[in-house]
Amino acid sequence: MGHIEELAARYGSHITPPWQRNLAGDQKVIMVVYPKEDERRLRTRLGLFEEATTAAGHGWHHVNLTGCFASWMSQTEYRDEYFGEPESLEMKLRSAFVRHVADIILEALNVAGVDEDAVVALEGVASLYGFVRVSLVLNEVVKSIKGRLLVFFPGEYENNNYRLLDARDGWNYLAVAITLQDGGSK
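Everything numeric here is computed off the predicted structure, so don't read it as measured data.

(A) Region of interest: the overall build of the chain. Scanning the chain from terminus to terminus reveals 7 helices and 7 strands. Ordering the α and β elements of the chain from the N terminus gives α-β-α-α-β-α-α-α-β-α-β-β-β-β. Within the chain, counting contacts between residues at least 6 apart in sequence, those at least 24 apart form 75% of the total. Accessible surface for the chain amounts to roughly 9400 Å². Of this, 48% is attributable to carbon and sulfur atoms.

Written out as C-alpha cells, the structure is:
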C-alpha cells in the first residue's frame, strides 16, 4: 500500500465511528499531513478520501484553493502597481486576501447539504504559501464548521505543530492530525 492509500485508510478509520457533536470549531478540523513531494500523487487520489467519506455515511464537498490568489489578484484594483512594488502588497494580503480565501471556504461550509454530517475538503493549501498563513485563514472559518473540515496539508506535523511545505515556522493547532507516523491519528 502506498503512502496516499495508507493515509486514506487511516482517514476512513477516523471518520467511520459516530462523530462527537459538541466539539469546538478547531477540533472539527482534520489535517491530512503528507510529505510535500506527494502533492501531485495525493491530488490524483482524492477520490479515495471521498469514497471513505461517503462509505462512512457522510456528505462530501470539495474546494480547490489552487487558483484563489490568481482570481483575487485579477480583481484587485491596483494590481499593476503591486507587480511593480510587491512589498506594498503585504498588508493587503494579510487582510483582503485572507478574507477572500476565508469567503471561498465559508461559501462551501454554508452551501445546501453541508450539515453536521458532511465533510468539506480543502485541496490546494500549498498555493497559499508565500502569500498568507493557513492558520490565519482557518481562524476565520472555524466557527462556521458544522460537520468536519478536511485540510490536505503538504508539510510536517510534530507535537501538535504544523509546518506547511516544511518551510515556515509552524503553528500549534487543535486539529486532528492524520499522518503516516505512529499510528496516524492524533
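Further notes follow.
(B) Spatial organisation of the pairing of strand β5 (residues 161-164). Side chains of β5 alternate between two faces, with Tyr-162 and Leu-164 buried and Asn-161 and Arg-163 left unburied. Here strand β4 (residues 148-158) pairs with β5 via 4 bridges, running antiparallel. Residue pairing in the sheet places Glu-156 in a bridge with Arg-163 of β5. Between β4 and β5, which pair antiparallel and follow one another directly, the connecting turn spans 2 residues, one of which, Asn-159, has a positive phi of 55°.

(C) Main features of the environment of Thr-54. When you line up the elements, Thr-54 lands in helix α3 (residues 46-55). By relative accessible area, Thr-54 is classed as partly exposed at 45%.

(D) Main features of the nonpolar core. Counting 40 residues, the largest nonpolar core has Leu-65, Phe-97, Ile-105 and Leu-149 as the members making the most contacts within it. Within the residue set of this core, elements represented by two or more residues are β1 (29-34), α4 (68-75), α6 (90-109), β3 (118-123), α7 (134-141), β4 and β5. With 9 residues, α6 is the largest single contributor of residues to this core. Membership of the second largest hydrophobic core comes to 20 residues, among which are Trp-19, Leu-46, Leu-150 and Val-176.

(E) Focus on α4. Inspection of α4 places Cys-68, Phe-69, Trp-72 and Met-73 among the buried residues, and these make up the whole buried set. Seen from one end, α4 has its buried residues packed into an arc of 125°, which puts them on one side. Turned more than 90 degrees off the buried face of α4, the exposed positions are Ala-70 and Gln-75.

(F) Structural view of the side chain of Lys-28. With respect to the helices, strands and loops of the structure, Lys-28 is situated in the loop between α1 (3-15) and β1. Of the side chains with opposite charge, Glu-116 lies nearest to the buried Lys-28, which makes no salt bridge, at 7.0 Å. A distance of 3.2 Å separates a polar side-chain atom of Lys-28 from the backbone oxygen of Ile-145. For Lys-28, the contacting residues outside a window of four places in its chain are Arg-21, Leu-23, Ile-145, Lys-146, Gly-147, Arg-148 and Leu-149.

(G) Representation of the packing of aromatic side chains within the structure. In the structure shown here, the tally under the stated rule is 9 aromatic pairs. Here the aromatic rings of Tyr-11 and Phe-49 are separated by 5.7 Å at their centres, their planes lie at 55°, and the arrangement is tilted. Remark: Phe-49 occurs in helix α3 and Tyr-11 occurs in helix α1; sequence separation between them is 38 residues. The same class applies to Tyr-11 and to Phe-49, which are both buried.

(H) Expanded view of the pattern of salt bridges. Counted by the stated rule, this structure contains 8 salt bridges. A salt bridge links Glu-6 to Arg-10, with the nearest nitrogen and oxygen atoms 2.7 Å apart. Of this pair, Glu-6 and Arg-10 both sit in helix α1, 4 residues apart, which is roughly one turn of that helix. Among the salt bridges present, the one from Arg-99 reaches Asp-103, with a minimum N-O distance of 3.0 Å. Taken together, the positions of Arg-99 and Asp-103, both in helix α6 and 4 residues apart, correspond to about one turn of that helix. For Asp-103, a relative accessible area of 37% corresponds to the partly exposed category. Residues joined in a network through salt bridges with shared partners are Glu-39, Arg-43 and Glu-123.

Conventions adopted
- Residues numbered from 1 in each chain as written.
- Predicted model: local features only at pLDDT ≥ 70, side-chain atom pairs only at ≥ 80, totals over all residues.
- Heavy atoms only, no water.
- Helix = DSSP H or I, 4+ residues; strand = E, 2+ residues; numbered from the N terminus.
- Contact = heavy atoms within 4.5 Å.
- Areas by Shrake-Rupley, 256 points an atom, 1.4 Å probe, with all protein chains shown as cover.
- Buried < 20%, exposed > 50% of the residue type's maximum accessible area, 1.4 Å probe, protein only.
- Pairing = 2+ DSSP bridges.
- Core = buried A, V, L, I, M, F, W, Y, C linked by side-chain atoms within 4.5 Å.
- Arc of directions from axis to C-beta.
- Lys, Arg positive; Asp, Glu negative; His and termini not counted.
- Salt bridge = Lys/Arg side-chain N within 4 Å of Asp/Glu carboxyl O.
- Polar contact = N/O pair within 3.5 Å; in protein donor to acceptor, adjacent residues only side chain to side chain.
- Phe/Tyr/Trp six-rings, centres within 6.5 Å; stacked < 30°, edge-to-face > 60°.

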